[in-house]
Amino acid sequence: HSKRAVRPAILSSWQRSRDYGVDPSRKQLPPRAGEVGSPELHSQNTTLIEVCSPYFDTVLKAWPEEEFGLVLSDNSGRVLLVAGHDTVLERSAEINVLPGAIMAEEHIGTAVANLVLSEGCAEYVIGPEHYCKAFHNWASLGAPIHDPTSRDIIGTVVAGMNTITHPHAME
């Protein structure tokens, strides 16, 4: 085995996760929260869902047999939309990755959506790079969604697989 250094973005996220007091042995996300936020935020999130849903459908129809999922989150880490292969949706539900779930770093530690938000760019997180055990069997890629006018990050889109041995995990 060759030793691999921990990427700086992962190390920084682990340190923040520790400082937040996140339990690395956590095997599920916190229970889902109800709708919160200003009417403006709700409107922005509704628009994100309406814009992303057809793209999610197109991607999933292109690879119907591939076991992966897509997750849309807002810029606070709230899950807005989850879509994917039935097997992945079942495994996602087991760890509470469902619409309304809070995936903010202060609650679940290092995960790809959090890394995208903190780094401001596309990122990936594989297996034990995740802070919590709940995600140690997942490989995920994520990218920010920018407001077309302000260029602020208004959300993230994540593609993930629940096994890091899947032949397409790195693709």
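Right, let's walk through the structure included here. Residue numbers here run from 1 along each chain, matching the order of that chain's written sequence. Restriction of local features to residues with pLDDT of at least 70 applies here, the model being predicted, together with a cutoff of 80 or more for giving and counting side-chain atom pairs; totals for whole chains, interfaces and linings are based on all residues. Side-chain measures here rest on the full set of heavy atoms in the structure, leaving out hydrogens and waters.

### Overview of the side chain of Ser-92
Heads up, the rule is: Strands are runs of DSSP state E lasting at least 2 residues, helices are runs of H or I lasting at least 4, and numbering of each runs from the N terminus. Burial here depends on accessible area, computed with a 1.4 Å probe over protein chains only, as a share of the maximum for the residue type. Under 20% is buried, over 50% is exposed, and the range in between is partly exposed. Note on contacts: a residue pair qualifies if any of its non-hydrogen atoms lie within 4.5 Å across the two residues.
Its location among the elements puts Ser-92 in helix α3 (residues 86–94). Among the residues examined, Ser-92 registers a relative accessible area of 6% and is labelled buried. When neighbours within four sequence positions are excluded, Ser-92 is seen to be in contact with Val-97 and Trp-138.

### A few points about the nonpolar core
The cut-off we apply is this: Here, nonpolar core means buried Ala, Val, Leu, Ile, Met, Phe, Trp, Tyr and Cys residues that are tied together by side-chain atoms lying within 4.5 Å of each other.
Judged by nonpolar contacts, the single largest core of 22 residues is most densely connected at Leu-29, Val-97, Met-103 and Phe-135. Once residues within four sequence positions are removed from consideration, Leu-29 is found in contact with Ile-95, Asn-96, Val-97, Ala-101, Ile-102, Met-103, Ile-108 and Phe-135. Grouped together as the second largest cluster of nonpolar side chains are 13 residues, Phe-56, Leu-60, Leu-72 and Met-161 included.

### A few points about the sheet that holds strand β5 (residues 153–161)
We count it as follows: Here, a strand pair is defined by DSSP locating no fewer than two bridges between the strands. Where helices are involved, their axes are fitted lines through C-alpha atoms of the stretch in contact, as for all axes, and angles between N-to-C directions lie from 0 to 180°.
Spatially, the 5 strands line up as an open sheet ordered β2-β1-β5-β4-β3, and their pairing is antiparallel. The open sheet is flanked by β2 (79–84) and β3 (123–126), the only strands paired with a single partner. Each strand of the sheet is rotated relative to its neighbour by a mean of 20°, with strand direction disregarded. As paired elements, strand β1 (residues 69–74) and β2 share 5 bridges and run antiparallel to each other. Looking across to β2, one finds that Leu-70 is bridged to Ala-83. Helix-sheet contacts for α3 involve β1, β2 and β5, and the interaxial angle to β2 is about 145°.

### Regarding the pattern of salt bridges
This is how it is decided: When a carboxyl oxygen of Asp or Glu is within 4 Å of a side-chain nitrogen of Lys or Arg, the pair counts as a salt bridge.
This structure, assessed with the given rule, holds 4 salt bridges. Here Arg-7 ties to Glu-123 by a salt bridge, and the two come within 3.1 Å at their closest N and O atoms. Separated by 116 residues along the polypeptide, Arg-7 in the segment before α1 (8–20) and Glu-123 in strand β3 bring together distant segments of the chain. A single burial state applies to Arg-7 and to Glu-123, both of which are buried. A salt bridge links Asp-19 to Arg-18, with the shortest nitrogen-to-oxygen separation between them at 3.3 Å.

### Observations regarding the side chain of Ser-17
Relative to the helices and strands, Ser-17 is located in helix α1. Once residues lying within four places of it in the same chain are set aside, the contact partners of Ser-17 are Val-22, Glu-105, Gly-109, Thr-110 and Tyr-131.

### A few points about the environment of Leu-80
Counting through the fold element by element, Leu-80 comes out in strand β2. Counting along the chain gives 20 residues from Leu-80 to Gly-100, while the straight-line C-alpha distance between them is 6.3 Å. Non-local contacts of Leu-80, meaning those with residues more than four positions away in its chain, are made with Asn-45, Leu-48, Ile-49, Leu-72, Ser-73, Asp-74 and Pro-99.

### Thoughts on unusual backbone geometry
Most peptide bonds adopt trans geometry, and most residues besides glycine take a negative phi value. Within the chain, Asn-96 stands out as a residue other than glycine whose phi angle is a positive 70°. Residue placement: Asn-96 occurs in the loop between α3 and α4 (105–108). On the basis of relative accessible area, Asn-96 is assigned to the buried category, the value being 16%. Of note, the phi angle at Arg-151 is positive, near 70°, even though the residue is not glycine.

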